[in-house]
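One-letter residues, chain by chain:
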Amino acid sequence: MLPNITPKFPNRSTSRSESVSRGLSLFFDHLGPAVLWAIIPLCKVASLIGYLAQEQAAHPAILIAAFIVQQVLTIGFGVLVVVLFLARRPVVGQRASASGRIVAMAGTFALQIPGAYPVPDDQLGRLLASSALIAIGMGIAISGIVSLRRNFGIFPEARGLVTNGLYRYVRHPLYLGEMIAGLGLTLGTTWLPAFGLFAVQCGLLYWRTVLEERALTASFPAYPDYRRRTCRLIPGIY
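Residues numbered from 1 in each chain as written. Predicted model: local features only at pLDDT ≥ 70, side-chain atom pairs only at ≥ 80, totals over all residues. Heavy atoms only, no water.

**A short note on the overall build of the protein chain**
Then step 1. Helix and strand content of the protein chain: 7 helices and 0 strands.
Then step 2. Counting from the amino terminus, helix and strand elements in the protein chain follow one another as α-α-α-α-α-α-α.
Then step 3. Buried positions account for 40% of the 238 residues belonging to the protein chain.
Then step 4. Considering only contacts in the protein chain between residues 6 or more positions apart, those separated by 24 or more positions represent 80%.
Then step 5. Put simply, the protein chain shows about 13500 Å² of open surface, and 68% of that area lies on carbon and sulfur atoms. (Helix = DSSP H or I, 4+ residues; strand = E, 2+ residues; numbered from the N terminus. Buried < 20%, exposed > 50% of the residue type's maximum accessible area, 1.4 Å probe, protein only. Contact = heavy atoms within 4.5 Å. Areas by Shrake-Rupley, 256 points an atom, 1.4 Å probe, with all protein chains shown as cover.)

See the structure below:
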């Protein structure tokens, strides 16, 4: 007598549920953030084109060059972020809490508001200092994000342990660059409350370092040793 063998077929509802889950993950972890962040470099490109189309005879050539350099670096930073959103690795360990997500988003966009306010064009020294700080900060941030590569993320979550590049000297070079660029942006605007927003941004970025280090410590046994031999933000100082 032949045994009663019932053929097994894939559970369609389970397969459909997994497809929906993958689709949501693709959108919220990759496509959605990339599309939203792409707005920033696109606006910067439009602003730079508009600036170059205007008559700049009244402005010193060195100031025009400094402005173009800082804008190109800012655009490059934004494009890198978009690319890394699309290619980044999945989270290792726990997802960020709601409060951690709020801190990360607020710290990232705190100084986007004063960037829309007018910049004085009659104070050459101030504008050159502002442009230099923004260029230096963006340069550090770009170097940090290149080292992160697919481990990049906005929220305080662990995706991988990076110890090369600037991360050999400080644990959060990306935030250091953002602080320096934020100081330059604040210095270059005529909007006085921007200085208060800069202080808030620094506080939020520091809070992000604390949250990220907790996530990395929980996910990577080698992280505590790395933390002991490196500085948090300023090489050789802190």
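**Observations concerning the packing of aromatic side chains**
Then step 1. Counted under the stated rule, the structure contains 5 aromatic pairs.
Then step 2. Measuring from ring centre to ring centre gives 6.5 Å for Tyr206 and Tyr238, while their planes differ by 25°; the resulting arrangement is stacked. With Tyr206 in helix H6 (residues 193-219) and Tyr238 in the segment after helix H7 (223-228), the pair connects residues that are 32 residues apart, well separated along the chain.
Then step 3. In this structure Tyr238 comes out as partly exposed when scored by relative accessible area, which is 40%.
Then step 4. An aromatic cluster of three or more residues is present, and its members are Trp37, Phe85, Phe109 and Phe152. (Phe/Tyr/Trp six-rings, centres within 6.5 Å; stacked < 30°, edge-to-face > 60°.)

**What about the environment of Leu52?**
Then step 1. Relative to the helices and strands, Leu52 resides in helix H1 (residues 12-53).
Then step 2. Once the C-alpha coordinates of Leu52 and Ile64 are considered, the two residues, 12 residues apart in sequence, prove to be 9.0 Å apart.

**A look at the nonpolar core**
Then step 1. Formed by 31 residues in total, the largest nonpolar core has its most connected members in Trp37, Phe77, Val81, Phe85, Phe152 and Leu174.
Then step 2. Mapped by element, the contributors of at least two residues to this core are H1, helix H2 (61-87), helix H4 (124-148), helix H5 (173-187), H6 and H7.
Then step 3. At 6 residues, H4 tops the list of elements feeding residues into this core.
Then step 4. Excluding its chain neighbours within four sequence positions, the residues that come into contact with Val81 are Trp37, Ile145 and Phe152.
Then step 5. Core analysis: the next-biggest nonpolar cluster, separate from the first, contains 5 residues, Leu48, Tyr51, Ile64 and Phe67 among them. (Core = buried A, V, L, I, M, F, W, Y, C linked by side-chain atoms within 4.5 Å.)

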